[in-house]
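# Residue-level structural notes
The lines below spell out each chain.
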Amino acid sequence: MDRRSLLAAGGGALAATAGSSQAHATPAGALGRGRGRDTVRFNVISDIQGDLRDFGRALDDMAAVNPHSAGLAVAGDITPRGYDAEYAQVSTELERHSHPRDVAWAIGNHEFYVPKWRNPDTLSQDTWPNNTTEDSLFRSFYRFAKRGTVHAETSFGGIPVLTLGTERYAHYHDAKLWDEVWISEAQFTWLENRLWYWSRRRKPVMVITHHPLPNTVSGTRNKLYAGDYLQADRLLSLLGRHPDVFLFSGHTHWDLELSDWVVRRVVPGTANLNGFTVVNTGAIQTGYRDDGKGGEVAVGGAFNQGLQVEVHQDAVVIKARDFARRAWLKEITVPLSR
C-alpha cells in the first residue's frame, strides 16, 4: 500500500534547468531581527499519515516557538488512507493542542488509499477499488477541509496562501497510473489569475501542494519522483513567471538537513531569469534520504520536521525545525523583488 511501491512511471518530466539561488544561508536566529512589527509568521508541515503523536508534538513545539502564528499550512497526506474516521482523528488531535485559527489543507495521494482496502482492517489491492468511488474520496476531503474544491485561497496575516491539488485519482482513469497529479483547466486558470492579481499588488504568494515538481528540491532528481505531475511543464510555466512565488511541497519525506531543501527554479521561456523559490516541507511521519542507488532509505531515529516562515517587507525567512529535538536545523533568507 505504500506509495513508494505504487508509483508508476508516467508523464510530465520537463526538460528545464534549475537556476542559481538568490537566497543566502545564515546561522539560525541571525535573521529577521529588528525588521519591524509588520512581520508575518506562519508554519508549514506535511505528511502526517496517521502519526498523530508526532503531529501533536509538532503542534506543541510550533505553539511554543511561534505562539502568534498567522496560520498553519499542511501540504497533503493528512491521513494514512483517507477514511472519514482518520480525518476525524486528525481534527480531534488538532483541537487537543494550541494551533492557529487559519489552517490551509492540501490534498495528498494518501487521501486516495481507501480503495486498496476491503474494509479498514483488510488490505485487498487485488480487488481495487473495493466498491469505493472516486467521488466519495473527494467528498471526504471536502467535508474535512470545509470547502468544495481542491484548490483554495486563504490569508495568513495578509499574506496570500494558495493550495493546489489533483482533481483526479489517476488509477481510476488509467490502469497504468497511480498517484500522478492531474489539474483541470479551471484550476490552472484560477492559479494564473491569482498569481497575476497578487503580483500587481507586489505581494509574495505562498503556494502549497503535496507533490514536488521535477528538478527542484531534495529527491526530485530521483526516479521515484520524476513523473508526479501529468502537466508539470504547464504548472512550471505559470509559477516560473513570478519571482516572489514560494512553492512548498511534501510527499518525498526527504530530510531537511539536505543541502537542496530550498532552491530557486528557473523556467526557460518565462522571462524571469531569477526563477521562483521551491521549499521542501520535510515530514511529520518518517524521513528519507537518497540511498545512492537511485532509490531512498529511511532516516534512523526520531524524525519530525517542518518549517516556520517569516514574511518581512523586504525578504522571506524560511526556518527548518526539528520538532522531535525542539531545535532549529537551518534557515535561509530570500530577498523579495518588489
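Quick caveat, the model's predicted, so the values are computed rather than measured.

With that settled, consider the pairing of strand S16 (residues 315-322). Across the eight residues of S16, eight count as buried, placing the element largely inside the fold. Burial of the side chains of S16 extends over both faces: Ala315, Val317, Lys319 and Arg321 are buried on one face and Val316, Ile318, Ala320 and Asp322 on the other. With seven bridges joining them, strand S15 (residues 305-311) and S16 adopt antiparallel strand pairing. Along S16, the bridge assignment pairs Gly306 with Arg321. Here S15 folds back onto S16 in antiparallel fashion, the turn holding three residues. In this antiparallel pair of consecutive strands, S16 and strand S17 (residues 327-335), the connection spans four residues, and Arg326 shows a positive phi of 55°.

The next thing to look at is the pattern of salt bridges. Oppositely charged side chains can pair when the atoms bearing their charge come close. In total, this model carries 16 salt bridges according to the counting rule given. Asp260 is paired through a salt bridge with Arg221; the nearest N and O atoms lie 2.7 Å apart. Here the residue Asp260 occupies a position in the loop between strand S10 (245-249) and strand S11 (262-265), and Arg221 occupies one in the loop between strand S9 (205-209) and helix H6 (232-239), the gap between them amounting to 39 residues. One salt bridge connects Arg289 with Asp255, and the closest N-O pair in it is separated by 3.1 Å. Residue Arg289 is located in strand S13 (residues 288-290), and its partner Asp255 is located in the loop between S10 and S11; the two are separated by 34 residues in the primary sequence. Note on Arg289: relative accessible area 33%, which makes it partly exposed.

What follows covers H6. Among the residues making up H6, those that are buried are Ala232, Leu235, Leu236, Leu238 and Leu239. Down the axis of H6, the buried side of the element spans an arc of 160°, and every buried residue falls inside it.

Moving on to the nonpolar core. Ranked by size, the top nonpolar core spans 31 residues in total, and within it Ile45, Phe55 and Trp105 carry the most contacts. Sorting the residues of this core by element identifies helix H2 (52-65), strand S3 (72-75), helix H3 (84-95) and helix H4 (134-145) as the ones contributing at least two each. For Phe55, the contacting residues outside a window of four places in its chain are Ile45, Ile48, Val90, Glu93, Leu94 and Ile284.

This paragraph deals with the sheet that holds strand S7 (residues 152-156). Read across the sheet, six strands follow the order S7-S8-S9-S10-S12-S11 without closing on themselves; strand pairing throughout is mixed. Whereas interior strands pair on both sides, the edge strands pair on one side only; in this sheet they are S7 and S11. Averaged over all pairs of adjacent strands, the angle between strand axes in this sheet comes to 25°, irrespective of strand direction. Packing against the sheet, helix H5 (residues 185-200) makes contact with S7, strand S8 (159-163), S9 and S10, and its axis sits at approximately 170° to S8.

Here the focus is the confidence of the model for the chain. For the chain, mean pLDDT is 90; residues scoring 70 or higher make up 89% of the total. Across residues 1-35, confidence stays below pLDDT 50; counting only partners more than four residues off in sequence or on other chains, it has 95 contacts.

With that settled, consider unusual backbone geometry. The step from Trp128 to Pro129 runs through a cis peptide bond, and the omega angle for that step is 10°. Take Pro129: it is sitting in the loop between strand S6 (122-123) and H4. Although it is not a glycine, Asn215 sits at a positive phi angle of roughly 55°. Residue Asn215 is classed as buried on the basis of its relative accessible area of 18%. The phi dihedral of Thr286 falls on the positive side, at around 65°, and the residue is not glycine. By the element assignment, Thr286 lies in the loop between strand S12 (276-280) and S13.

Rules behind the numbers
- Residues numbered from 1 in each chain as written.
- Predicted model: local features only at pLDDT ≥ 70, side-chain atom pairs only at ≥ 80, totals over all residues.
- Heavy atoms only, no water.
- Buried < 20%, exposed > 50% of the residue type's maximum accessible area, 1.4 Å probe, protein only.
- Helix = DSSP H or I, 4+ residues; strand = E, 2+ residues; numbered from the N terminus.
- Pairing = 2+ DSSP bridges.
- Salt bridge = Lys/Arg side-chain N within 4 Å of Asp/Glu carboxyl O.
- Arc of directions from axis to C-beta.
- Core = buried A, V, L, I, M, F, W, Y, C linked by side-chain atoms within 4.5 Å.
- Contact = heavy atoms within 4.5 Å.
- Axes fitted to C-alpha atoms, helices over the stretch in contact; angles between N-to-C directions.
- pLDDT = per-residue confidence, 0-100.

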